[in-house]
Every structure is written in structure tokens, then in C-alpha cells.
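# Per-entry structural report
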Amino acid sequence: MTRIGKITAGINELPAKFASLKVLVVDDEPFMLDIVEEVLGQLDIKNVICTESSRQALEHIESSPEAAGLMICDLNMPGMDGIECMRHLADLQFKGGIIILSGSDKSLLDSVGNLLLEHNLNFLGALEKPVTKAAMAAVIARLSDSTFKSSDNYSGLQMLTPSEIRAGLKGDSVQVAFQPKVTVTGRRMVGAECLLRWQDPKRGLVPPMAVIPVAEKHGLIDNLTMKVFAKAIEHMGEWARQGHEPKISINFSMDNLKRYDLPEMLSDIALKGGIKPNQIVLEITETRLISDLAICLEVITRLRLKGFGLSIDDFGTGYASMEKLKQMPFTELKVDRAFVFGSNHNPIAKAILESSVKLGHALGLVVVAEGAETKEDWDMLVAQVCDQVQGYVIAKPMPADELIGWMMQWEQ
Ligand code: C2E
Ligand code: MG
Ligand code: MG
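Residues numbered from 1 in each chain as written. Chains lettered and ligands numbered in written order. Predicted model: local features only at pLDDT ≥ 70, side-chain atom pairs only at ≥ 80, totals over all residues. Heavy atoms only, no water.

### Quick notes on the packing of helix H9 (residues 262-272) against helix H10 (residues 293-305)
- Interaxial distance between H9 and H10 falls to 9 Å at its minimum, and their mutual angle equals 30°. Relative to H10, the element H9 is oriented roughly parallel. Between H9 and H10 the crossing geometry is right-handed. Two secondary-structure elements touch here, H9 through Leu262, Pro263, Glu264 and Leu266 and H10 through Val299, Arg302 and Leu303. (Axes fitted to C-alpha atoms, helices over the stretch in contact; angles between N-to-C directions. Helix = DSSP H or I, 4+ residues; strand = E, 2+ residues; numbered from the N terminus. Parallel < 35°, antiparallel > 145°, perpendicular 65-115°, else oblique. Left-handed = near helix turned anticlockwise from the far one by under 90°. Contact = heavy atoms within 4.5 Å.)

What follows is the structure, given as C-alpha cells:
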């Protein structure tokens, strides 16, 4: 997620598609505007509008949100500074990329970067003055692929209503996709994560984050999770009949762990489907502070006793903390993508990634990094000796019937 840190090294040209990019540059120093326009010209980006104040820039965007696919903005300006400008851009739901230009110190730039991400803006990075062609190209290149619309950008997400979820649970809305997990050293596919793909009769495909929190709040999460679990077992059974036994990870909310009979229910379903619990990893996420912790602790411990693997999902964010590691018998630690994606540009993310890997290993856990999107992310995980990787750099989530074919191709 993070794109923090100044760009110092870079590349010398951009793919041809960038020639059509519309760029808006804001800096109170006219000579800086000239330099940036010149550098963009060297990269074949000719569609450039220069403004000397944040107000003018915002007027442009207000008149037409499509006016710019990229905004390059100075931080220190008289009148409205760059930070305030970013708040207004967020109000306008600006979807283009944003590059910050600055001579300010690194920790300030890091905070600005975090602020932009909090605003759900598409922050690409900070450029040091004087701007060079190589650094500019490197940061603009980040505009490509999924950085434009990553699945963690849930702004404007239309949540399902409880009655839509109830109807979908009675019908056929619960579908699942699988995303491969591969080892860092042997690059073998060791397993896959099962992810909800809700097919709504009216709205079509609805992201999990528009379903799960509502289901949790309205007492529907048990029913939903059991449907996902049953689907996963069904697919695992089919794969086993073909001679393949990938470990499958299934997401559980802490709210699911409040019934004493859960360990028996899950192991019965698994065994009836011909699957042993030790082929299944339960990924536990805690999206809100849980009540009845004593029940959850008992249930989770008995799940482990029955042989299920237990993963602490989104480690380092929300309630997925070190305290949980001490309380619960986890077998796997899944580092959140906030500390994986772009970690080589962000010393803070890198430090958290590094210490999470060390912590996981010190506790004898398998450490999985999720959300690795680029070759740079992958190289960082190799350097940090992380065990497994899951992310777009390997594969996006795919329908069940494609997983084994993908695995065979990957392993060749
Ligand atoms: P999660 O368990 O952390 O799952 C990983 C999410 O990251 C998935 O999003 C996956 O598509 C996405 N992802 C994987 N690699 C990359 C990458 O390289 N870049 C980016 N930007 N994203 C990547 P998805 O499928 O939208 O799921 C979001 C969350 O919804 C999951 O996060 C999980 O917390 C929850 N969820 C999904 N299915 C279920 C379910 O069956 N039950 C429960 N309780 N929660 C679920
Ligand atoms: Mg998960
Ligand atoms: Mg996660």
C-alpha cells in the first residue's frame, strides 16, 4: 500500500502508453514549473497544465475530474499549501496519481505519504528537488497496473443490506476463488487461500468487504462462513480425487469462534469430504474488538487440537497484534500487505516486515507475506527470508477449476 520515500534512482524512459497522460503541475515557483514541464517533455509527456497555486489546480479538477491523470504538487506554497490541497483533492475523489515535490525532510514526507493513503488518494511517491528525468520516470511508472485501483481501495463501496445477504445465503450467491501461495525458496505452490466471491443477482460480483462486516454485525457470519467452508471442502475433494492435495486457507472472523461446537462441526464436514483437518489452515481476522474472549480461546485451542492450522491474518494491523500471538496457538503468521507492497521504498514498512519475519520464526511459525505486487516486493521477501508469498506478483485469485492447471504451469 505504501509509496513513501523519496525517489533517488530511476529509469530512462516510459512505455508509449504514458504519452497520452494528462498532467497537472502545481508549484508557486514559475522556474520549477518550467523544469518539471521540460522533464516531462523528455519523457514524451506533452499534455501538461501548469498552475502556480493549489486553488487554480483544484478549480481545474473541479471543472472536470478527468482533467488530469496525474498531479505533481509542491508542498510549501503560500496560501493553500500542498497538504491542505490534498484534503480537497480527497473530497473531490480525485482518482489520478499524485506525486509530491519537495525539499522537505524525509520524516515529514513519510507522514505526508501516510496522510495521502489515509485519504484514499493514489499516492505514487515524493520527488526531491531538483527533479531528474530518471527519478520522474521511475515514479510515474508506478501509475501502471493495479496501483491505479487496488482492492484495498474500498472508498465508495456499496455495502449489501442484511436482507440482501439473507436472500443470497438462501440462494446461490456464495462463490469462492483461490489465490496461490508459493514458497520463496523452491517457488513451489504449497497452498491457496479461499476467498469469498459474492455473486449478487442484481449487483453482480460484490467485494468481500461489502459483505463480511454487515454479516458480522447482523449475526449472519456463521451461516456465510460455513457455506464458504463447505465450498472449499468440495473443491479440495475434487482435487484430491485428481491426486492433488494443496493446503487450503479459509478466512474466519473472530465472531465465528463463539460457538463451542465449531471444532466438531468443521472436522465433521472436512472428514465427510475426505479431507484431514491438517490440510486446512484457518485464517483468523479480527476486524473489531471481540467480546467473549474466553470462549474464542477455548474454541481456537480445540481447533488446533483437532489438527487445523491457524494463521493470524493481517498481522501488524487492527487487532492482529503481538498480544494475540501470546494468547493463541497460531501456526502461521501472515504479514499484512501494508508492510509488503512497496516496502523497499519505505524504511518503516521494511523495518516492520523484517521484525515480523524474525518474530514469526522465533516463535516457530510459518511466515507468509501477502499483497506482494512487484518484482521489487518479491526481492525484498527473498532478502528477508520470508517462507511463503501470496500476491499479484505470483497470481490473482482465480476460479477453482483453474488452480491445478495454474500450479502445473507454474511448476514447469
Ligand atoms: P485477506 O484475507 O487478507 O485476503 C487477501 C486479500 O488481498 C484478498 O482480497 C486478495 O484478493 C487481496 N490481494 C492478494 N494479493 C494482492 C496484491 O498483490 N495486491 C492487492 N492490492 N491485493 C491483493 P479480497 O478477496 O478482496 O478479500 C478481502 C478481505 O475480505 C480478505 O482479506 C478477508 O479479510 C475478507 N474475506 C474474504 N473472503 C472471506 C471469507 O470467506 N470469510 C471472511 N470472514 N472474510 C473473508
Ligand atoms: Mg486471509
Ligand atoms: Mg490478510
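### Digging into the site of ligand 1
- Within the structure, ligand 1 sits among 25 residues, and Arg197, Asp313, Arg337, Glu373 and Tyr392 are positioned closest to it.
- Residue asparagine 251 places a side-chain N or O atom 2.9 Å away from an oxygen atom belonging to ligand 1.
- Residue glutamate 370 places a side-chain N or O atom 3.1 Å away from an oxygen atom belonging to ligand 1.
- Expressed as a share of its isolated accessible area of 800 Å², the protein-covered part of ligand 1 is 95%.
- Secondary-structure elements contributing two or more residues to the shell around ligand 1 are strand E8 (189-200), strand E10 (247-253) and strand E12 (309-315).
- With 4 residues, the single largest contributor to the shell around ligand 1 is E8.
- By residue class, the composition of the shell around ligand 1 is 10 nonpolar, 7 polar and 8 charged.
- Each of domain 1 (16-154) and domain 2 (162-411) gives at least three residues to the shell around ligand 1. (Near = heavy atom within 4 Å. Polar contact = N/O pair within 3.5 Å; in protein donor to acceptor, adjacent residues only side chain to side chain. Areas by Shrake-Rupley, 256 points an atom, 1.4 Å probe, with all protein chains shown as cover. Nonpolar A, V, L, I, M, F, W, Y, C, P; charged D, E, K, R; others polar. Domains from an automatic or database assignment.)

### Remarks on the coordination of the magnesium ion (ligand 2)
- Protein coordination at the magnesium ion (ligand 2): the donors are Glu193 (OE), Asn251 (OD1), Glu283 (OE) and Asp313 (OD), at 2.0 to 2.3 Å from the metal.
- All donors of the magnesium ion (ligand 2) belong to a single chain; written as a sequence motif, their spacing is E-x57-N-x31-E-x29-D.
- Taken as a pair, the magnesium ion (ligand 2) and the magnesium ion (ligand 3) lie 4.1 Å from each other and share aspartate 313 as a ligand. With glutamate 283 in strand E11 (residues 280-285) and aspartate 313 in strand E12, the pair connects residues that are 30 residues apart, well separated along the chain. The same class applies to glutamate 283 as to aspartate 313, namely buried. (Donors = N, O, S within 2.8 Å, 3.2 Å for Na, K, Ca; no water. Buried < 20%, exposed > 50% of the residue type's maximum accessible area, 1.4 Å probe, protein only.)

### Brief notes about the nonpolar core
- Membership of the largest hydrophobic core comes to 79 residues, with the highest contact counts inside it found for Trp198, Leu224, Ile280 and Leu282.
- No other element matches helix H8 (residues 221-241), which puts 9 residues into this core.
- Setting aside residues up to four positions removed in sequence, leucine 282 forms contacts with Phe229, Ile250, Phe252, Leu266, Leu303, Phe308, Gly309, Leu310 and Ser311.
- By size, the runner-up hydrophobic cluster in this structure holds 26 residues, among which are Phe18, Val39, Ile99 and Ala137. (Core = buried A, V, L, I, M, F, W, Y, C linked by side-chain atoms within 4.5 Å.)

### Quick look at the packing of helix H1 (residues 30-42) against helix H5 (residues 133-140)
- One way to put it is that H1 packs onto H5 with a least axis distance of 10 Å and a crossing angle of 70°. Relative to H5, H1 is oriented roughly perpendicular. Across the interface between the two elements, Val36, Val39, Leu40 and Gln42 from H1 touch Lys133, Met136 and Ile140 from H5.
- Split into classes, the residues belonging to the contact of H1 with H5 amount to 5 nonpolar, 1 polar and 1 charged.

### Digging into the pairing of strand E14 (residues 366-370)
- Extensive coverage of E14 is indicated by the burial of 4 of its 5 residues.
- You can see the chain leave strand E13 (residues 332-335), run along helix H12 (residues 347-362) and come back into E14, and the turn it takes is right-handed.
- Here 3 bridges tie E14 to strand E15 (residues 388-390), and the two strands are oriented parallel to one another. From the neighbouring strand, alanine 369 faces E15, where its bridge partner is valine 389.
- Handedness of the crossover joining E14 and E15 through helix H13 (residues 375-383): right-handed. (Right-handed = clockwise from strand over helix to strand, strands pointing away. Pairing = 2+ DSSP bridges.)

### Considering the domain arrangement of the chain
- By domain assignment, the chain separates into domain 1 (16-154) and domain 2 (162-411).
- In this structure, domain 1 and domain 2 have C-alpha centres spaced 36 Å apart.

### Looking at unusual backbone geometry
- Of the consecutive residues lysine 129 and proline 130, the connecting peptide bond is found in the cis state with omega at -5°.
- Turning to its location among the elements, proline 130 is positioned in the loop between strand E6 (122-128) and H5.
- Positive phi, normally seen in glycine, also occurs at aspartate 44, with a value near 70°.
- With respect to the helices and strands, aspartate 44 occurs in the loop between H1 and strand E3 (48-51).
- Exposure remark for aspartate 44: the relative accessible area of 48% places this residue in the partly exposed category.

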